Amino acid sequence: MQFCTFREFGEKSSYASVFCTGNMRSCAECYYLGLVKKDPVALKRAIQYTGILTAFLAGAMIAMGFGGLIGEKAIWFGAAMALLCGFLIHS
């Protein structure tokens, strides 16, 4: 459900919300186009991809911390955050 719901940002730029390898490739490609080819739109997208990747890293680190503290009950935090995001996006 998360993969199908959160698929685009900005000017119809697509991203994957449940894994980051494709986002890393797209980010590197946009940085190349933005910095080497001097494309300002690509540079803006690269910065947006960097934000997405940073959020992914932060989420993984938070999940690791909760997992160490409360074990398997940490899954409920992720479910609550996904539910909250769903409500915020569709309201």
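Just above sits the structure.
Asks: How do you make sense of the overall build of the protein when you look at a structure like this?
Replies: For the protein, the count of helices and strands is four helices and two strands. The order of helices and strands in the protein, counted from the N terminus, is α-β-β-α-α-α. Within the span of the protein, comprising 91 residues, buried residues form 19% of the whole. Of the roughly 6900 Å² of accessible surface on the protein, a fraction of 71% belongs to carbon and sulfur atoms.

Asks: In this structure, what is going on with the packing of helix α2 (residues 21-35) against helix α3 (residues 40-70)? I would like to understand it.
Replies: A packed helix pair is summarised by two numbers, namely the angle formed by the two axes and the spacing between the axes. At a minimum axis distance of 7 Å, the contact between α2 and α3 shows a crossing angle of 150 degrees. Taken together, the axes of α2 and α3 are roughly antiparallel relative to one another. As α2 packs across α3, the resulting crossing turns out to be left-handed. From α2, Asn23, Met24, Ser26, Cys27, Cys30, Tyr31, Leu33, Gly34 and Leu35 reach across to α3, where they touch Ala42, Leu43, Arg45, Ala46, Ile47, Tyr49, Thr50, Ile52 and Leu53. Classifying every residue of the contact of α2 with α3 by side-chain character gives 13 nonpolar, four polar and one charged.

Asks: Would you mind showing me how to read the nonpolar core here?
Replies: Within soluble globular proteins, side chains that are nonpolar generally end up buried alongside one another. Within the largest apolar cluster, seven residues are counted, these being Phe9, Cys27, Cys30, Ala46, Tyr49, Ile52 and Leu53. Elements represented by at least two residues in this core include exactly α2 and α3. Examining the composition of this core, we find that four residues originate from one element, α3, more than from any other.

Asks: What should I look at first to understand α2 in this one?
Replies: Along an α-helix, residues three or four positions apart point the same way, because every turn accommodates 3.6 residues. End to end, α2 covers 21 Å across 15 residues, agreeing with the expected 21 Å (1.5 Å per residue, within 8%). By the burial criterion, the buried members of α2 are Asn23, Ser26, Cys27, Cys30 and Gly34. The arc enclosing the buried residues of α2, seen along the axis, measures out at 105 degrees, which places them on a common side. Exposed residues lying more than 90 degrees from the buried face of α2 are Thr21 and Arg25. Turning to α2, the residues buried within the fold contact α3.

Asks: What exactly am I supposed to notice about unusual backbone geometry here?
Replies: Comment: phi is negative for the bulk of residues other than glycine, and the bulk of peptide bonds are trans. Positive phi, normally seen in glycine, also occurs at lysine 38, with a value near 60 degrees. On the secondary structure map, lysine 38 appears in the loop between α2 and α3.

Definitions and limits used
Residues numbered from 1 in each chain as written. Predicted model: local features only at pLDDT ≥ 70, side-chain atom pairs only at ≥ 80, totals over all residues. Heavy atoms only, no water. Helix = DSSP H or I, 4+ residues; strand = E, 2+ residues; numbered from the N terminus. Buried < 20%, exposed > 50% of the residue type's maximum accessible area, 1.4 Å probe, protein only. Areas by Shrake-Rupley, 256 points an atom, 1.4 Å probe, with all protein chains shown as cover. Axes fitted to C-alpha atoms, helices over the stretch in contact; angles between N-to-C directions. Parallel < 35°, antiparallel > 145°, perpendicular 65-115°, else oblique. Left-handed = near helix turned anticlockwise from the far one by under 90°. Contact = heavy atoms within 4.5 Å. Nonpolar A, V, L, I, M, F, W, Y, C, P; charged D, E, K, R; others polar. Core = buried A, V, L, I, M, F, W, Y, C linked by side-chain atoms within 4.5 Å. Expected span 1.5 Å × (residues − 1). Arc of directions from axis to C-beta.

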